[in-house]
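Observations on chain architecture
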Amino acid sequence: YLQWSVMEHHPKHIMLTCVYASCKVEENHVSAEELGKGIQQDHQIILNNEMIVLKSLDFDLIVYAPYRSIEGFIDDMDDFCNGAHQRLKDLHQTANSEVDTMMLTDAPLLYTPGQLALAALYKSNSALSVLDFERYLESVFSRQHFDCPVEQFIQIISSINHLVSQLQLPGTKEMRHADRKLKHCLDPSSSSHDDHKKKEKKSKHKSKRTASDAQL
């Protein structure tokens, strides 16, 4: 949606197509028919939008997200903490939940996956108190020879977590209102194309029924 308007391609259809494409990328392929059947949606919608999604990504299917960065930092923290394996496991799960929320904000467009991962770990550690996080950051910075001081980086982390704290998810009523509004605003050419395909499908189905009735 950095390239397309929601009035051209419905978010619901694109979301389903992204799930389908992601399964392919992770080598856990699920057919469009199987996916459509499982969620009671026309699988043709997914296939129609697949090339649009891939072209919009310029076919670059490696999209870097904070989740793998969290795994790397947790492994590094294991050496730093020396023996807090179970508590680090809890920290990992909590940080992943924090990232889930971050992905609903503008944060992924403004900050790198590594910064988002550290922000999630920092907030999670504030609740779980697994380690001295500022001391850990100092050890990371000294090893990597970063020019940015730790204090400045903590300000970046605070900015990310402030964005997350401002997030307000719409309720069911707001979602239904937005969906109704979107249906009225959709590009007429795309909706008429879908209507034409539905009519074509119905006419084919009707002609098959007529032919089978004639045989009887």
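Residues numbered from 1 in each chain as written. Predicted model: local features only at pLDDT ≥ 70, side-chain atom pairs only at ≥ 80, totals over all residues. Heavy atoms only, no water.

As a further point, take the overall build of the protein chain. Within the protein chain, the regular secondary structure consists of 11 helices and 0 strands. For the protein chain, the sequential pattern of α-helices and β-strands runs α-α-α-α-α-α-α-α-α-α-α. Here the analysis covers contacts within the protein chain between residues at least 6 apart in sequence; of these, 68% occur between residues at least 24 apart. (Helix = DSSP H or I, 4+ residues; strand = E, 2+ residues; numbered from the N terminus. Contact = heavy atoms within 4.5 Å.)

A word on the side chain of glutamine 115. Position of glutamine 115 among the secondary structure elements: in helix α7 (residues 113–128). With a relative accessible area of 18%, glutamine 115 lands in the buried category. Not counting chain neighbours up to four residues away, the residues in contact with glutamine 115 comprise Phe153, Ile156 and Ile160. (Buried < 20%, exposed > 50% of the residue type's maximum accessible area, 1.4 Å probe, protein only.)

This next bit is on a negative patch on the surface. On the surface, a cluster of negative charge is contributed by Asp132, Glu134, Glu138 and Glu151. Tracing the backbone shows aspartate 132 in the loop between α7 and α8 (133–144). (Patch = residues over 30% accessible without salt bridge, like charges linked within 9 Å, V, L, I, M, F, W, Y side chains within 5 Å. Areas by Shrake-Rupley, 256 points an atom, 1.4 Å probe, with all protein chains shown as cover. Salt bridge = Lys/Arg side-chain N within 4 Å of Asp/Glu carboxyl O. Lys, Arg positive; Asp, Glu negative; His and termini not counted. Charge placed at Lys NZ, Arg CZ, Asp CG, Glu CD.)

Time to look at the packing of aromatic side chains. Applying the stated criterion to the full structure yields 4 aromatic pairs. Summarising the aromatic geometry, the rings of phenylalanine 80 and tyrosine 136 are spaced 5.3 Å apart at their centres and angled 70° between planes, so their arrangement reads as edge-to-face. Linking phenylalanine 80 in helix α4 (residues 66–81) with tyrosine 136 in helix α8, this pair joins segments that are 56 residues apart in sequence. Residue class for phenylalanine 80 comes out partly exposed when judged on its relative accessible area of 25%. Judged by its relative accessible area of 0%, tyrosine 136 is buried. (Phe/Tyr/Trp six-rings, centres within 6.5 Å; stacked < 30°, edge-to-face > 60°.)

This brings us to the packing of α7 against α8. One way to put it is that α7 packs onto α8 with a least axis distance of 11 Å and a crossing angle of 150°. Here α7 lies roughly antiparallel to α8, going by the angle between them. Every residue of α8 that contacts α7 at Leu118, Leu121, Tyr122 and Asn125 is listed here: Phe133, Glu134 and Leu137. (Axes fitted to C-alpha atoms, helices over the stretch in contact; angles between N-to-C directions. Parallel < 35°, antiparallel > 145°, perpendicular 65-115°, else oblique.)

Quick look at the pattern of salt bridges now. Scanning the model with the defined rule gives 4 salt bridges in all. Residue arginine 143 is joined to aspartate 76 by a salt bridge in which the shortest nitrogen-to-oxygen separation is 2.9 Å. Of this pair, arginine 143 sits in helix α8 while aspartate 76 sits in helix α4, placing them 67 residues apart in sequence. In this structure arginine 143 comes out as partly exposed when scored by relative accessible area, which is 44%.

Before going further, it helps to examine the side chain of serine 139. As for its position among the elements, serine 139 is in helix α8. Of note is the side chain of serine 139, whose polar atom sits 2.6 Å from the backbone oxygen of tyrosine 136. (Polar contact = N/O pair within 3.5 Å; in protein donor to acceptor, adjacent residues only side chain to side chain.)

Another point: helix α5 (residues 85–102). With 18 residues, α5 should cover 26 Å at 1.5 Å per step; its first-to-last C-alpha distance of 25 Å lies within 8% of that length. For α5, every residue scored as buried is listed here: Leu88, Leu91, Ala95, Glu98, Val99 and Met102. Angularly, the buried residues of α5 cover 100° about the axis, an arc narrow enough to put them on a single face. At its buried positions, α5 is contacted by α4, α6 (107–110), α7 and α9 (150–165). (Expected span 1.5 Å × (residues − 1). Arc of directions from axis to C-beta.)

Here we come to the environment of glycine 114. Turning to its location among the elements, glycine 114 is positioned in helix α7. You can call glycine 114 partly exposed: its relative accessible area is 24%. Through-space distance from the C-alpha of glycine 114 to that of proline 66 is 6.1 Å; in sequence the pair is 48 residues apart.

Remark: α5 packs on α7, axes separated minimally by 8 Å, with the N-to-C direction vectors making an angle of 125°. As summarised for this structure, α5 and α7 are arranged oblique, according to the angle between their axes. In the crossing of α5 with α7, the sense of the turn from one axis to the other is right-handed. Contacts between α5 and α7 involve Arg87, Asp90, Leu91, Thr94, Ala95, Glu98, Val99 and Met102 from the first element and Leu116, Ala119, Ala120, Leu121, Lys123, Ser124, Asn125 and Leu128 from the second. For the contact of α5 with α7, the residue count by class is 9 nonpolar, 3 polar and 4 charged. (Left-handed = near helix turned anticlockwise from the far one by under 90°. Nonpolar A, V, L, I, M, F, W, Y, C, P; charged D, E, K, R; others polar.)

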